[in-house]
Amino acid sequence: MRYISTRHGRAAATARAFDEILLTGLAPDGGLYVPQRLPCRAASWFKALQGLPYAEIATRVTQPFLGGAVPATEWRRMIEAAYRPFTHPAVAPLRQLDAGLWLLELFHGPTLAFKDYALQLVGPLFDRVLRKRRRRITIIGATSGDTGSAAIEACRDREAIDIFMLYPAGRVSEVQRRQMTTVPARNVHAVAVEGTFDDCQDLVKAMFADAAFRDELGLSAVNSINWARIMAQIVYYVAAAVALGAPARKVAFAVPTGNFGNVYAAHIARRLGLPIAGLAIATNRNDILTRFFARGTMSLGAVEPTISPSMDIQVSSNFERLFFELVGESGPKTKAAFRHFRATGTLPTTRQQWQVARALFQAERVDDDETRATMAETYRATGTLIDPHTAVALAAARRVKHDRAAPMVVVATAHPAKFPEAVMATCGVQPEIPPRLANLMALPERRVNLPNDLGAVQRYVRDHARLGAAV
Ligand SMILES: *Cc1c(COP(=O)(O)O)cnc(C)c1O
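These lines cover the structure that appears in this document, whether it is placed above or below. Model, not experiment: these values are computed from the prediction. (Residues numbered from 1 in each chain as written. Predicted model: local features only at pLDDT ≥ 70, side-chain atom pairs only at ≥ 80, totals over all residues. Heavy atoms only, no water.)

A separate point is the overall build of the protein. On a plain count of helices and strands, the protein comes out with 20 helices and 15 strands. Taking 2.2 N^0.38 as the reference for a compact globule, 471 residues should give roughly 23 Å; the C-alpha atoms of the protein span a radius of gyration of 21 Å, in line with that estimate. Expressed along its principal axes, the backbone C-alpha trace of the protein runs to roughly 60 × 55 × 50 Å. Scored against the burial criterion, the 471 residues of the protein give a buried share of 58%. (Helix = DSSP H or I, 4+ residues; strand = E, 2+ residues; numbered from the N terminus. Rg over C-alpha atoms; globule rule 2.2 N^0.38 Å. Buried < 20%, exposed > 50% of the residue type's maximum accessible area, 1.4 Å probe, protein only.)

Structure representation (structure tokens):
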């Protein structure tokens, strides 16, 4: 399988191999990579997955996307190793909340949020491809919380990678900070910047824009637009649907959405042939997506803080991949539209594109009050504690129209113990602290404080990255 850029389109001459799009993430023309052609699976192919372990389902689903970059037996071993440390044998278990209503628990990885499901696999994959090419890279990122720790856990102790994660000093929670600073790995650098999250992000952008520095250090990112992350996320939709009776029975999903990566993976599962009854996009007050689905115009607003902070986002980067589909996979049309979006804050869409999009997804916006009420009500009715992101999706699931014969699966993207204050305030109990979090408070921290100054940060990165030494 080969990959094309959303801003270039079908021309086969420019199609790239998997290992290349893995390492670069974003295409040179600013577009996102998508497979040139998706495989289409018959019902019998899905039926054969019934009862298989998660690692086996993951191997079968993802293998074609690698295009031979990793031999099949080794890939299977890498997948087993990636998910072995997860704290539930089913890896992504389902929990029933009501008749026809289920939670898909995606918080059994090392940082207790769904990003582990992709990053725990993408970290070793990066390392494997780099070692084969005898290359090293320096991963630099900015985080306001969850993404940083998931990326650090995925890259720790990897020979070919150094990772520097910038976060705003004093502006992340203690748990979030400790998840980054207590990792005892030589290649991990948690950097507290005297500034805001936006300052951190500006520093990262400036480092990438400095061509000499970028090349010297082999800068790279593991952000959510990387196709490999989407690929790994397709797996749990297939596994959940099959466990609930697919392909004989259709299944619906409600997904707490920010960057549109998770729900887009569900859409790809559907395009592979998985019988999906409906996909609900659930957003908090940062509702650029729900406004688009309601009114047909996508226009940028200001980011507002909510109790589901991992979805406090305005630009949903992965939406470009769906847009590419809506414009008949035209690279020039996608390029023109997203240039316009960047310049004016409004994405030009036609009524027909909007109608096609509405046939594929429903979208609901849930505010903080309804999120809290949903957490409280779920605990009262079922004894199950859910985190605020999951609650947004559950509230949306209750609102959308869907075929009642199809089970509704609410995607639980974070463990409630990651948000103890919200749980305590709504349910009146403390969530049970998983052992991984409990140890966190006792472990020694390792971090550096730097001023919000590009020169100082670049000096630190240069002095601490191992790039240049033989692999
Ligand atoms: C990242 C994140 C989301 C949003 O996922 P997207 O793929 O960006 O749409 C939702 N919930 C939690 C807990 C997250 O960490």
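After that view, the rundown keeps rolling.
What follows is about the pairing of strand 4 (residues 101–105). For strand 4, the buried fraction is high: 5 of the 5 residues fall into the buried class. Residues L101, L103 and E105 line one face of strand 4 and the alternating positions W102 and L104 line the opposite face, and both faces are buried. Relative to strand 14 (residues 408–412), strand 4 is paired through 5 bridges, and the arrangement is parallel. Bridge assignment links W102 to a residue of strand 14, and that residue is V409. (Pairing = 2+ DSSP bridges.)

Next up on the list: the pattern of salt bridges. If you walk through the whole model with that rule in mind, you get 27 salt bridges. With its nearest N and O atoms 2.3 Å apart, the salt bridge here joins R76 to E80. Of this pair, R76 and E80 both sit in helix 4 (residues 72–83), separated by 4 residues, roughly a single helical turn. On the accessibility criterion, E80 (30% relative accessible area) is partly exposed. Residue R95 pairs with E105 through a salt bridge whose shortest N-O separation is 3.0 Å. Of this pair, R95 sits in strand 3 (residues 94–98) while E105 sits in strand 4; the two residues are 10 residues apart in sequence, bridging distant segments of the chain. Judged by relative accessible area, which is 38%, R95 ranks as partly exposed. Residues joined in a network through salt bridges with shared partners are E56, R60, R76 and E80. (Salt bridge = Lys/Arg side-chain N within 4 Å of Asp/Glu carboxyl O.)

Turning next to the site of the ligand. What surrounds the ligand is a group of 15 residues, the closest being K115, G258, N259, N262 and T413. Take N259: an N or O atom from its main chain is 2.7 Å from an oxygen atom of the ligand. Out of a free accessible area of 380 Å², the ligand has 96% covered by protein chains. Among the residues forming the shell around the ligand, the class breakdown is 5 nonpolar, 8 polar and 2 charged. (Near = heavy atom within 4 Å. Polar contact = N/O pair within 3.5 Å; in protein donor to acceptor, adjacent residues only side chain to side chain. Areas by Shrake-Rupley, 256 points an atom, 1.4 Å probe, with all protein chains shown as cover. Nonpolar A, V, L, I, M, F, W, Y, C, P; charged D, E, K, R; others polar.)

On to the layout of surface pockets, then. When its volume is computed, the second largest pocket comes out at roughly 440 Å³. Among the elements of the structure, strand 4 and helix 19 (435–440) are those that each provide at least two residues to the lining of the second largest pocket. Of the residues contributing to the lining of the second largest pocket, the split by class is 12 nonpolar, 6 polar and 5 charged. (1 Å grid on protein atoms, 1.4 Å probe; cavity = no way out; pocket = protein on both sides within 12 Å on 5 of 7 lines; lining within 4 Å. Points joined across faces, edges and corners; volume = space filled by probe spheres on them.)

Moving on, we come to the sheet that holds strand 15 (residues 448–451). Spatially, 5 strands are ordered 8-5-6-7-15 in an open sheet, and the strand pairing comes out parallel. Whereas interior strands pair on both sides, the edge strands pair on one side only; in this sheet they are strand 8 (219–220) and strand 15. Looking at chain direction, strand 6 (residues 161–168) and strand 7 (residues 188–194) are connected through 6 bridges and run parallel. In the strand pairing of strand 7, F164 is matched with H189. This element, helix 8 (residues 197–209), spans strand 5 (137–142), strand 6, strand 7 and strand 8 of the sheet and lies at about 150 degrees to strand 5. Along the sheet, helix 20 (residues 454–464) contacts strand 5, strand 6, strand 7 and strand 15; its crossing angle with strand 15, the most-contacted strand, is approximately 145 degrees. (Contact = heavy atoms within 4.5 Å. Axes fitted to C-alpha atoms, helices over the stretch in contact; angles between N-to-C directions.)

Summed over all chains, the structure comprises 1 cavity of 30 Å³ or more. Each pocket or cavity is described by its volume, and for the largest cavity that value is around 70 Å³. Of all the secondary-structure elements, those providing two or more residues to the lining of the largest cavity are strand 2 (33–35), helix 11 (261–271) and helix 13 (319–326). Of the residues belonging to the lining of the largest cavity, the class tally is 7 nonpolar, no polar and 4 charged.

Moving on, we come to the side chain of N318. Within the secondary structure, N318 sits in the loop between strand 11 (298–299) and helix 13. For N318, the side chain forms a polar contact with the main-chain oxygen of S224, separated by 3.2 Å.

Let's shift gears to the sheet that holds strand 10 (residues 276–283). If you walk across this open sheet you meet the 6 strands as 3-4-14-9-10-13, and the pairing is mixed. Of all strands in the sheet, those with a lone pairing partner are strand 3 and strand 13 (362–365), marking the two edges. Ignoring which end each strand starts from, the neighbouring axes of this sheet average 25 degrees apart. Where strand 3 lies against strand 4, 4 bridges are found, and the strand directions are antiparallel. Bridge pairing in strand 4 places R95 opposite L103. Strands in contact with helix 17 (residues 388–399) are strand 3, strand 4, strand 9 (251–256), strand 10, strand 13 and strand 14; relative to strand 14, the strand with the most contacts, it is inclined by about 160 degrees.

Okay, helix 12 (residues 288–295) next. Summarising burial for helix 12: 6 of the 8 residues are buried, a large majority. Of all the positions in helix 12, only I288, L289, T290, R291, F292 and F293 are classed as buried. Where the residues of helix 12 are buried, they touch strand 10, strand 11, helix 13, helix 14 (331–344), helix 15 (351–360) and strand 13. In the stretch just after helix 12, G296 is the one whose phi turns positive, near 85 degrees.

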